[in-house]
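# Structural features, examined
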Amino acid sequence: MDPAIRFPSVAHLQEHARKRIPHFAWEYLDSGEMAEATRDDNIDALQRVTLTPRFMKGLMTPVVETELFGHCYDAPIGIAPVGLTGLIWPGADHALAACGANANIPYVASTVSTGLAEEIGPIADGRGWFQLYPPRDKDQRDDLLQRVAASGFTTIVVTADVPAPSRRARQTRARIAIPPRITPKLIGQTLRRPAWALGTLRHGLPRFRTLGKYHDESSMRASAGFVGASLGGTLDWEYFREVCEQWDGPVVLKGVLHPDDAALTIDNGGAGVVVSNHGGRQLDSAPAPITALPAIVDRIGGRGAVLFDSGIRTGLDVARAIALGADMTFSGRSFMFGLGAMGAAGPAHVATLLRRELVTVMHQLGCGTLDELRELEVGRR
């Protein structure tokens, strides 16, 4: 069946993905922190944004191509970084990187994804960005930056909003651990998802391959211990400046929700910010990024790029963020739902869905360009 008919929206992909991803992996992907109010509010707050259309524009063909950091992308839509990608769907990183290249949209690889930077960077073919969980050891940081530069990644996304591990109750109940606890329950969940199980047999158990150089990669327990002990927790403006000085290209700060932090990012050498609350996975009282976006856009005042993440599920969501001043939007879960529902072909279908929906919405609003979207009257229900 034509994917456009079987899966006409990300919501349909999400529903089918849940039937193909083992329960423990689904809980890792879908869960938020604590009561998950922030995760849900990210979506609800976007849906409360209203856009007032302007008609009588005659024949138009909306243009959604977007220039950012010297590259022209086919849409203001990117693939956000996701950790433990291979746990959610085997071979995920290669499929996501290929989607970035083929759809000509930015793909952000996570430091704790399960692909090897030296493999997935070339697949992304110039559309690859690298999300940095800051190593505490600066020699490791400098070596990692050199490796991803040599692998073809163009932009560094420093993540600020994970100063410490969060508490995700669903993950605790699902007994998600690295290494996995092989129990009869886990085996039963895996056997009920044959496509995932066969894919894992082909690709091997997920591990943090990019970080393997810095610890005993053969031991998953050592790998998990390294991540907990060696990444994050020490990020400050001096560290951020050092990354900006070392990296020959744009550096953006991800997880910004306060206008002052946005301004400080630019003052300290950043090329932009990602307005995000980590998909509601870190702090369950954080504001929805769409509510924080306008003040950050106003504070930066065009001195850097303003990117948006958290809650994007439709092309209408993309239009809402653009109308409130975002230069580019990113979604992580949507592309992972595509992988879960369709395998390697899923991310490309998500990219097509979101782009087509955005074009349709722009027709309905009477906007031929993204700049015209930004001029619309925006309200809230």
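Residues numbered from 1 in each chain as written. Predicted model: local features only at pLDDT ≥ 70, side-chain atom pairs only at ≥ 80, totals over all residues. Heavy atoms only, no water.

## Describing helix α2 (residues 10–17)
Every buried residue belonging to α2 is among V10, L13, H16 and A17, and all of these are buried. All buried residues of α2 project into a common sector of 125° when viewed along the axis, lining one side. Tucked into the core, α2 has its buried residues touching α1 (3–6), α3 (23–30), α17 (333–342) and α18 (346–365). (Buried < 20%, exposed > 50% of the residue type's maximum accessible area, 1.4 Å probe, protein only. Helix = DSSP H or I, 4+ residues; strand = E, 2+ residues; numbered from the N terminus. Arc of directions from axis to C-beta. Contact = heavy atoms within 4.5 Å.)

## A closer look at helix α8 (residues 138–150)
Here α8 contains 13 residues, and its C-alpha end-to-end distance of 18 Å stays within 8% of the 18 Å for a straight helix at 1.5 Å per residue. Residues of α8 that are buried: Q140, R141, L144, L145, R147 and V148. End-on, the buried residues of α8 take up no more than an arc of 160°, which puts them together on one face. Opposite the buried face of α8, by more than 90 degrees, sit the exposed residues D139, Q146 and A150. Its side-chain oxygen placed 2.8 Å from the backbone nitrogen of D139, D137 serves as the N-cap of α8. Of the residues one or two after α8, G152 is the one with positive phi, at around 100°. (Expected span 1.5 Å × (residues − 1). Polar contact = N/O pair within 3.5 Å; in protein donor to acceptor, adjacent residues only side chain to side chain.)

## Brief notes about the nonpolar core
By size, the foremost hydrophobic cluster in this structure holds 98 residues, and its most contacted members are I156, I290, L293, I296, F335 and L373. Among the elements that take part in this core, α18 stands out by supplying nine residues, more than any other. Residues Y73, W129, A305 and F330 belong to the second largest nonpolar core, which totals twelve residues. (Core = buried A, V, L, I, M, F, W, Y, C linked by side-chain atoms within 4.5 Å.)

## Overview of the packing of aromatic side chains
Tallied over the full model, the rule gives six aromatic pairs. Note on F69 and W129: the rings are 5.9 Å apart at their centroids and 45° apart in plane angle, and the pair reads as tilted. One end of the pair, F69, is in the loop between β2 (66–68) and β3 (71–73); the other, W129, is in strand β6 (residues 128–132), and 60 residues separate them in sequence. On the basis of relative accessibility, which here comes to 29%, the residue F69 falls in the partly exposed class. Residues W237 and F240 carry aromatic rings whose centres are separated by 6.0 Å and whose planes lie at 85° to one another, so their mutual orientation is edge-to-face. Taken together, the residues span about one helical turn, with W237 and F240 both in helix α13 (residues 237–246) at a distance of three residues. Judged by relative accessible area, W237 falls into the partly exposed class, the value being 27%. Judged by relative accessible area, which is 1%, F240 ranks as buried. An aromatic cluster is built from F69, W129 and F330, whose rings are joined through pairwise contacts. Above the plane of the ring of Y239 lies R141, whose end atom (NZ or CZ) is 4.7 Å from the centre. Stacked on the ring of Y28, the Lys or Arg R281 has its end atom at 4.9 Å from the ring centre. (Phe/Tyr/Trp six-rings, centres within 6.5 Å; stacked < 30°, edge-to-face > 60°. Lys NZ or Arg CZ within 6 Å of the ring centre and 35° of its normal.)

## Side note on the environment of R147
Among the secondary structure elements, R147 is positioned in helix α8. C-alpha of R147 to C-alpha of T210: the two residues are 63 residues apart in sequence and 9.4 Å apart in space. Excluding residues within four positions of it along the chain, R147 makes contact with L116, E118, T210, K213 and Y214. Polar contacts involving the side chain of R147 include one to the side chain of E118, which spans 2.7 Å.

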